Amino acid sequence: MNDPFAEPSDTRQAILGAAFRALCEHGYANVTIQRIGDEFDKSPSLVYHHYDGKDDLLIDLLGFLLDEFEASIADGAVAEPSEGDDAAAREGTEIAPEEAFDRSARDQLDGYLTAAVDPASLDEEYAPDARFVTVMTELRSQAGSDEAYREHFDRSDRVFGEYLERLVREAAADASRDGAEGTNGDRFVAASEVALTLQTFATGAMFRWTTTNEKSWVAESRAGIDRYLEAMLPLVETTDSGE
(Lines give C-alpha, C1' and ligand atoms only; values in the text may rest on other atoms or scores of the structure.)
Protein backbone atom coordinates (compact mmCIF):
# COMPACT_ATOMS: atom_id res chain seq x y z
CA MET A 1 0.00 0.00 0.00
CA ASN A 2 1.44 3.33 -1.05
CA ASP A 3 1.79 6.13 1.49
CA PRO A 4 -1.31 8.31 0.98
CA PHE A 5 0.55 11.24 2.56
CA ALA A 6 3.59 11.19 0.28
CA GLU A 7 2.98 14.79 -0.80
CA PRO A 8 1.27 16.62 2.08
CA SER A 9 -0.18 20.02 1.25
CA ASP A 10 -0.16 21.51 4.75
CA THR A 11 1.12 20.99 8.28
CA ARG A 12 -1.88 18.90 9.33
CA GLN A 13 -1.37 16.46 6.46
CA ALA A 14 2.36 16.30 7.21
CA ILE A 15 1.64 15.40 10.85
CA LEU A 16 -1.01 12.87 9.87
CA GLY A 17 1.41 11.34 7.38
CA ALA A 18 4.03 11.04 10.11
CA ALA A 19 1.45 9.39 12.35
CA PHE A 20 0.43 7.01 9.56
CA ARG A 21 4.02 5.90 8.94
CA ALA A 22 4.88 5.58 12.63
CA LEU A 23 1.69 3.62 13.32
CA CYS A 24 2.35 1.18 10.48
CA GLU A 25 5.94 0.68 11.64
CA HIS A 26 5.43 0.40 15.39
CA GLY A 27 1.77 -0.57 15.88
CA TYR A 28 -0.66 1.07 18.27
CA ALA A 29 0.89 -0.13 21.52
CA ASN A 30 4.38 1.12 20.68
CA VAL A 31 3.66 4.27 18.74
CA THR A 32 4.30 7.46 20.69
CA ILE A 33 4.18 11.17 19.99
CA GLN A 34 7.98 11.09 20.03
CA ARG A 35 8.09 8.37 17.37
CA ILE A 36 5.53 10.29 15.31
CA GLY A 37 7.73 13.36 15.67
CA ASP A 38 10.69 11.34 14.39
CA GLU A 39 8.76 10.80 11.13
CA PHE A 40 7.95 14.49 10.86
CA ASP A 41 10.30 16.57 8.70
CA LYS A 42 9.62 19.74 10.68
CA SER A 43 10.04 20.48 14.36
CA PRO A 44 8.52 17.63 16.42
CA SER A 45 7.23 20.28 18.82
CA LEU A 46 4.57 21.12 16.22
CA VAL A 47 2.97 17.74 16.87
CA TYR A 48 2.52 18.61 20.54
CA HIS A 49 1.23 22.05 19.54
CA HIS A 50 -1.56 20.60 17.37
CA TYR A 51 -2.59 17.54 19.42
CA ASP A 52 -3.14 16.80 23.09
CA GLY A 53 -1.86 13.24 22.86
CA LYS A 54 -1.47 10.08 20.81
CA ASP A 55 -5.13 9.12 20.72
CA ASP A 56 -6.25 12.63 19.81
CA LEU A 57 -3.90 12.50 16.82
CA LEU A 58 -4.86 8.96 15.78
CA ILE A 59 -8.58 9.78 15.91
CA ASP A 60 -7.91 12.72 13.59
CA LEU A 61 -5.93 10.42 11.28
CA LEU A 62 -8.79 7.93 11.14
CA GLY A 63 -11.27 10.69 10.47
CA PHE A 64 -9.16 12.13 7.68
CA LEU A 65 -8.74 8.76 5.97
CA LEU A 66 -12.47 8.10 6.21
CA ASP A 67 -13.32 11.56 4.86
CA GLU A 68 -11.09 10.90 1.85
CA PHE A 69 -12.64 7.50 1.23
CA GLU A 70 -16.15 8.89 1.53
CA ALA A 71 -15.35 11.66 -0.94
CA SER A 72 -13.92 9.10 -3.36
CA ILE A 73 -17.06 6.97 -3.43
CA ALA A 74 -19.54 9.85 -3.51
CA ASP A 75 -22.18 9.47 -6.20
CA GLY A 76 -20.77 6.12 -7.23
CA ALA A 77 -17.55 7.51 -8.66
CA VAL A 78 -14.31 9.15 -7.68
CA ALA A 79 -15.16 12.63 -6.53
CA GLU A 80 -13.70 15.47 -8.52
CA PRO A 81 -11.85 18.03 -6.39
CA SER A 82 -14.09 20.97 -5.62
CA GLU A 83 -13.05 24.56 -5.53
CA GLY A 84 -12.01 26.29 -2.34
CA ASP A 85 -10.78 24.94 0.96
CA ASP A 86 -12.00 21.36 0.45
CA ALA A 87 -9.93 21.00 -2.70
CA ALA A 88 -6.87 22.42 -0.98
CA ALA A 89 -7.35 20.07 1.95
CA ARG A 90 -7.40 17.02 -0.33
CA GLU A 91 -4.54 18.08 -2.58
CA GLY A 92 -1.52 15.89 -2.07
CA THR A 93 -3.40 12.86 -0.76
CA GLU A 94 -4.73 9.92 -2.71
CA ILE A 95 -6.53 7.56 -0.39
CA ALA A 96 -8.53 5.86 -3.14
CA PRO A 97 -7.31 6.58 -6.69
CA GLU A 98 -9.59 6.17 -9.67
CA GLU A 99 -8.30 2.72 -10.60
CA ALA A 100 -9.49 1.43 -7.21
CA PHE A 101 -13.08 1.99 -8.38
CA ASP A 102 -12.65 1.46 -12.12
CA ARG A 103 -13.71 -2.16 -11.69
CA SER A 104 -17.01 -4.01 -11.68
CA ALA A 105 -19.05 -4.04 -8.49
CA ARG A 106 -18.38 -7.76 -8.09
CA ASP A 107 -14.63 -7.24 -8.48
CA GLN A 108 -14.74 -4.53 -5.80
CA LEU A 109 -16.65 -6.88 -3.48
CA ASP A 110 -14.06 -9.59 -4.13
CA GLY A 111 -11.26 -7.14 -3.29
CA TYR A 112 -13.00 -6.13 -0.07
CA LEU A 113 -13.37 -9.76 1.03
CA THR A 114 -9.78 -10.60 0.11
CA ALA A 115 -8.53 -7.64 2.16
CA ALA A 116 -10.44 -9.07 5.12
CA VAL A 117 -9.34 -12.72 4.99
CA ASP A 118 -5.96 -12.56 3.26
CA PRO A 119 -4.58 -9.02 2.96
CA ALA A 120 -1.05 -10.35 2.48
CA SER A 121 -2.11 -11.68 -0.92
CA LEU A 122 -2.98 -8.23 -2.27
CA ASP A 123 -0.30 -6.39 -4.22
CA GLU A 124 -2.24 -3.47 -5.72
CA GLU A 125 -0.69 -0.16 -4.70
CA TYR A 126 -4.03 1.17 -3.46
CA ALA A 127 -5.11 -1.98 -1.61
CA PRO A 128 -4.78 -2.27 2.18
CA ASP A 129 -1.75 -4.39 2.96
CA ALA A 130 -1.25 -6.74 5.87
CA ARG A 131 0.32 -4.12 8.14
CA PHE A 132 -2.45 -1.61 7.46
CA VAL A 133 -5.13 -4.18 8.29
CA THR A 134 -3.27 -5.05 11.49
CA VAL A 135 -3.06 -1.48 12.74
CA MET A 136 -6.70 -0.77 11.81
CA THR A 137 -7.69 -3.80 13.85
CA GLU A 138 -5.58 -2.55 16.76
CA LEU A 139 -7.29 0.83 16.57
CA ARG A 140 -10.75 -0.70 16.35
CA SER A 141 -9.98 -2.67 19.49
CA GLN A 142 -9.62 0.64 21.37
CA ALA A 143 -13.32 1.26 20.79
CA GLY A 144 -14.07 -1.30 23.49
CA SER A 145 -13.10 1.24 26.14
CA ASP A 146 -12.74 4.60 24.38
CA GLU A 147 -15.87 6.47 23.28
CA ALA A 148 -14.03 8.59 20.70
CA TYR A 149 -12.85 5.48 18.86
CA ARG A 150 -16.33 3.94 19.19
CA GLU A 151 -17.91 7.00 17.59
CA HIS A 152 -15.42 6.89 14.74
CA PHE A 153 -16.04 3.21 13.98
CA ASP A 154 -19.81 3.74 14.19
CA ARG A 155 -19.40 6.28 11.41
CA SER A 156 -16.90 4.11 9.54
CA ASP A 157 -19.30 1.17 9.58
CA ARG A 158 -22.08 3.38 8.20
CA VAL A 159 -19.89 4.67 5.37
CA PHE A 160 -18.59 1.24 4.39
CA GLY A 161 -22.05 -0.27 4.83
CA GLU A 162 -23.55 2.19 2.35
CA TYR A 163 -20.69 1.54 -0.07
CA LEU A 164 -21.16 -2.23 0.18
CA GLU A 165 -24.93 -1.95 -0.20
CA ARG A 166 -24.46 -0.03 -3.43
CA LEU A 167 -21.95 -2.60 -4.69
CA VAL A 168 -24.27 -5.49 -3.81
CA ARG A 169 -27.16 -3.86 -5.67
CA GLU A 170 -24.99 -3.15 -8.72
CA ALA A 171 -23.52 -6.67 -8.69
CA ALA A 172 -27.05 -8.11 -8.46
CA ALA A 173 -28.14 -6.02 -11.44
CA ASP A 174 -25.10 -7.23 -13.38
CA ALA A 175 -25.92 -10.83 -12.48
CA SER A 176 -29.48 -10.32 -13.72
CA ARG A 177 -28.25 -8.96 -17.04
CA ASP A 178 -25.96 -11.97 -17.32
CA GLY A 179 -28.94 -14.28 -17.01
CA ALA A 180 -28.88 -15.28 -13.32
CA GLU A 181 -32.38 -15.49 -11.85
CA GLY A 182 -33.78 -15.91 -8.37
CA THR A 183 -36.38 -18.49 -7.44
CA ASN A 184 -39.19 -18.15 -10.00
CA GLY A 185 -37.58 -14.91 -11.05
CA ASP A 186 -38.42 -13.29 -7.71
CA ARG A 187 -36.06 -10.98 -5.90
CA PHE A 188 -36.85 -10.61 -2.23
CA VAL A 189 -33.55 -10.13 -0.36
CA ALA A 190 -32.63 -6.58 0.60
CA ALA A 191 -29.22 -5.39 -0.60
CA SER A 192 -28.65 -3.98 2.89
CA GLU A 193 -29.03 -7.46 4.41
CA VAL A 194 -26.35 -8.94 2.17
CA ALA A 195 -24.08 -5.91 2.67
CA LEU A 196 -24.35 -6.17 6.46
CA THR A 197 -23.59 -9.89 6.31
CA LEU A 198 -20.46 -9.26 4.24
CA GLN A 199 -19.39 -6.41 6.51
CA THR A 200 -19.83 -8.49 9.67
CA PHE A 201 -17.93 -11.39 8.10
CA ALA A 202 -15.11 -9.06 7.06
CA THR A 203 -14.83 -7.46 10.50
CA GLY A 204 -14.56 -10.84 12.18
CA ALA A 205 -12.17 -12.15 9.55
CA MET A 206 -9.83 -9.19 10.00
CA PHE A 207 -9.71 -9.78 13.75
CA ARG A 208 -9.00 -13.47 13.28
CA TRP A 209 -6.36 -12.87 10.60
CA THR A 210 -4.63 -10.26 12.75
CA THR A 211 -4.69 -12.16 16.02
CA THR A 212 -3.70 -15.69 14.95
CA ASN A 213 -0.74 -17.35 13.28
CA GLU A 214 -2.70 -20.30 11.89
CA LYS A 215 -4.23 -19.40 8.53
CA SER A 216 -5.68 -22.75 7.41
CA TRP A 217 -9.18 -21.30 7.88
CA VAL A 218 -8.71 -18.64 5.18
CA ALA A 219 -9.42 -20.70 2.05
CA GLU A 220 -12.55 -22.40 3.33
CA SER A 221 -13.92 -19.24 4.90
CA ARG A 222 -13.43 -17.37 1.64
CA ALA A 223 -15.00 -20.19 -0.35
CA GLY A 224 -18.00 -20.15 1.98
CA ILE A 225 -18.62 -16.42 1.72
CA ASP A 226 -18.21 -16.62 -2.06
CA ARG A 227 -20.87 -19.33 -2.22
CA TYR A 228 -23.14 -17.19 -0.05
CA LEU A 229 -22.67 -14.22 -2.35
CA GLU A 230 -23.28 -16.29 -5.49
CA ALA A 231 -26.50 -17.65 -3.97
CA MET A 232 -27.76 -14.28 -2.74
CA LEU A 233 -27.02 -11.98 -5.68
CA PRO A 234 -29.75 -13.44 -7.92
CA LEU A 235 -32.24 -12.84 -5.06
CA VAL A 236 -31.27 -9.26 -4.23
CA GLU A 237 -33.76 -6.54 -4.94
CA THR A 238 -32.42 -4.02 -7.45
CA THR A 239 -33.54 -0.49 -8.09
CA ASP A 240 -34.62 0.67 -11.51
CA SER A 241 -31.40 1.71 -13.25
CA GLY A 242 -33.32 3.50 -15.98
CA GLU A 243 -32.14 1.11 -18.67
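Residues numbered from 1 in each chain as written. Predicted model: local features only at pLDDT ≥ 70, side-chain atom pairs only at ≥ 80, totals over all residues. Heavy atoms only, no water.

**Student:** With reference to specific residues and values, describe the overall build of the chain.
**Tutor:** Of the regular secondary structure elements, the chain holds 10 helices and zero strands. When the 243 residues of the chain are sorted by exposure, 42% land in the buried category. Partitioning the contacts of the chain with sequence separation of at least 6, the portion at a separation of at least 24 is 72%. Carbon and sulfur atoms make up 46% of the accessible area of the chain, which totals about 12,600 Å². (Helix = DSSP H or I, 4+ residues; strand = E, 2+ residues; numbered from the N terminus. Buried < 20%, exposed > 50% of the residue type's maximum accessible area, 1.4 Å probe, protein only. Contact = heavy atoms within 4.5 Å. Areas by Shrake-Rupley, 256 points an atom, 1.4 Å probe, with all protein chains shown as cover.)

**Student:** Tell me about helix 10 (residues 217-232), and name the residues and values.
**Tutor:** Along its 16 residues, helix 10 runs 23 Å from first to last C-alpha, staying within 8% of the 22 Å computed at 1.5 Å per residue. Inspection of helix 10 places Trp217, Val218, Arg222, Ile225, Leu229 and Met232 among the buried residues, and these make up the whole buried set. Each buried residue of helix 10 sits inside an arc of 115° when the element is viewed along its axis, so together they form one side. Facing away from the buried side of helix 10, by more than 90 degrees, are the exposed residues Ala219, Glu220 and Arg227. (Expected span 1.5 Å × (residues − 1). Arc of directions from axis to C-beta.)

**Student:** Describe in detail the nonpolar core, supporting the description with residues and values.
**Tutor:** With 32 residues, the main nonpolar core has Leu109, Val168, Val194, Leu198 and Leu229 as its most contacted residues. Contributing elements (two or more residues each) for this core: helix 4 (54-73), helix 6 (105-117), helix 8 (147-177), helix 9 (191-211) and helix 10. For Val168, the contacting residues outside a window of four places in its chain are Leu109, Ala191, Val194, Ala195, Leu198, Leu233 and Val236. In terms of nonpolar packing, the next biggest core, distinct from the first, is built from 30 residues, Ile15, Leu16, Val31 and Phe40 among them. (Core = buried A, V, L, I, M, F, W, Y, C linked by side-chain atoms within 4.5 Å.)

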